[in-house]
Amino acid sequence: MVSGPTRNDTVTSVSRVLVTGAAGRIGRAVLDLLAARGIEANALVLQDPGDLTARRVVTGSAADQEAVRAALDGADAVIHLAAVPTPERDRAEDVFGGNTLSTFTVLEEAGRAGVRRVALASSWGVTGLPWTADRNPSPAYVPVDEALPSQVQDPYGLSKQVDELTAAMMARRHGMSVVCLRYPFVGGFDERLREHAARLTREPGAGARDLWTYLEVGDAARAALLALDVPGPGAHAVHVCAPEIIVPFRTEELLRRYHPTATLRRPLPGRTAPVDTSAARRLLGFTAEHLIDG
């Protein structure tokens, strides 16, 4: 259950943050945002690219206790982004095992080190829609919320389900606040969002499994930072995405065409995203600000 007052967009509760997966798309945006806010950062990466805006860079796996302990030096919060991001290129055992062990290790070592505020990258994939073997999967209802029944048939989606269960256990075990952010397709406008939008405009069916949702990478970073201001103990999972879909079509028309069995629980006028992000607004005070041109 999500509760709590609407928060402003200023994080005041942390002074140094460990960012795992810091060389990735969201990780770099998080480091830049931390620097802009005057918050120190430690980075944990598999390989140091040499250009990260972090006070300290540790190379190693997020599943390795020693590497995580070294990277936690002086940190009072964690943004855990390190993960195999899809089930498509790696062995199922490596995707599931790597992701779940990394999350367990990072949260356990953080808890032992006295860290009590964590933001964790979960995923739209936790719904099971992106990679289910079903040919035309549909959600049971729209707008989708955090209670949607799962359709997971893939190791990545399952790993994110387990990550959220791990977050709940660690919140109890260590008295932590852990916020799991269910990210959709994330990117910069010029980096890949405009290209993605153009493709889905030509082939709207290609976006049906993601419900045509997206989030600009700076907004993704801001959501992670806001999550660190959520008091604990407790664990929460919230959907975060832009309030409008990425294609220039009416949402309800797309739903009638591609998801005719999904129950429409309330009107979705215009290009309204068919995902309920009210939990993120209540818990984090987060609303996406950077929208693609419609």
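Preceding this section is the structure that the text describes.
What this report covers is the structure whose coordinates are included nearby. No experiment lies behind these values; they were computed from the predicted model shown.

1. Section: helix H3 (residues 92–112)
Step number 1: In a regular helix each residue adds 1.5 Å, so 21 residues correspond to 30 Å; H3 covers 30 Å between its end C-alpha atoms and thus fits that length.
Step number 2: Along H3, the positions that sit buried rather than exposed are Val95, Asn99, Thr100, Ser102, Thr103, Thr105, Val106, Leu107, Glu108, Glu109, Ala110 and Gly111.
Step number 3: Contact partners of the buried residues in H3: strand E1 (16–20), helix H2 (65–71), strand E4 (77–80), strand E5 (117–123), helix H4 (155–174) and strand E7 (177–183).
Step number 4: Positive phi shows up at Gly114, right after H3, with a value of about 90 degrees.

2. A few points about the pattern of salt bridges
Step number 1: Taken as a whole, this structure holds 19 salt bridges when the rule is applied.
Step number 2: Beyond isolated ion pairs, a larger network of salt bridges with shared partners links Arg69, Glu108, Glu109, Arg112 and Arg173.

3. Notes on the sheet that holds E1
Step number 1: Strand order in the open sheet made by the 7 strands is E3-E2-E1-E4-E5-E7-E10, with parallel pairing throughout. Both outer strands of the open sheet, strand E3 (56–59) and strand E10 (234–239), are each paired with one neighbouring strand and no more. For this sheet the average axis-to-axis angle between neighbouring strands, irrespective of direction, equals 15 degrees.
Step number 2: Across 3 bridges, E4 lies against E5 in parallel orientation. Bridge pairing links Ile79 to Ala119 in E5.

4. Quick notes on the packing of H3 against H4
Step number 1: At a closest axis distance of 9 Å, the pairing of H3 and H4 adopts a crossing angle of 15 degrees. Looking at the two axes, H3 sits roughly parallel to H4. Handedness of the crossing formed by H3 with H4: right-handed. Contacts between H3 and H4 pair Ala92, Val95, Phe96, Asn99, Thr100, Thr103, Phe104, Leu107, Glu108, Gly111 and Arg112 from the former with Pro155, Tyr156, Leu158, Ser159, Val162, Asp163, Thr166, Ala167, Met169, Met170, Arg173 and His174 from the latter.
Step number 2: Among the residues forming the contact of H3 with H4, the class breakdown is 12 nonpolar, 7 polar and 4 charged.

5. Observations regarding the packing of aromatic side chains
Step number 1: Within this structure, the stated rule accounts for 2 aromatic pairs.
Step number 2: Between Arg192 and the ring centre of Phe185, over which it is positioned, the NZ or CZ distance is 4.0 Å.

Criteria and cut-off values
Just so you know, the residues in each chain are numbered from 1, in the order the chain's sequence is written. Owing to the predicted nature of the model, reporting of local features is limited to residues with pLDDT of at least 70; listing and counting of side-chain atom pairs is limited to 80 or more, with chain, interface and lining totals taken over all residues. For the side-chain quantities, the full set of heavy atoms in the structure was used; hydrogens and water were omitted. Going along the chain from the N terminus, every DSSP run of H or I of four or more residues is numbered as a helix, and every run of E of two or more is numbered as a strand. In this analysis, the expected span of each helix is defined as 1.5 Å times one less than the number of residues it contains. A 1.4 Å probe rolled over the protein chains alone gives each residue an accessible area, and that area as a share of the maximum for its type sets the label: buried under 20%, exposed over 50%, partly exposed in between. We call two residues in contact when some of their heavy atoms are within 4.5 Å. Whenever Lys or Arg places a side-chain nitrogen within 4 Å of a carboxyl oxygen from Asp or Glu, that contact is recorded as a salt bridge. Here a strand pair is declared whenever DSSP counts at least two bridges between the two strands. As a rule, the C-alpha atoms of each element are fitted with a line to give its axis, helices using only the stretch in contact, and angles between N-to-C directions run from 0 to 180 degrees. Any angle that falls under 35 degrees is termed roughly parallel, while one over 145 is termed roughly antiparallel, one within 65 to 115 roughly perpendicular, and all others oblique. We call a crossing left-handed when the near helix sits turned anticlockwise from the far one by less than a right angle, and right-handed when that turn is clockwise. Residue classes follow a fixed rule: Ala, Val, Leu, Ile, Met, Phe, Trp, Tyr, Cys and Pro count as nonpolar, while Asp, Glu, Lys and Arg count as charged, and any other residue, Gly among them, counts as polar. What counts as a ring pair is set by centres within 6.5 Å for rings of Phe, Tyr and Trp (its six-membered ring), and what kind of pair is set by the plane angle: stacked under 30 degrees, edge-to-face over 60, tilted for all other angles. Here, a charge over a ring is recorded when the distance from Lys NZ or Arg CZ to the ring centre is within 6 Å and its angle to the ring normal is within 35 degrees.

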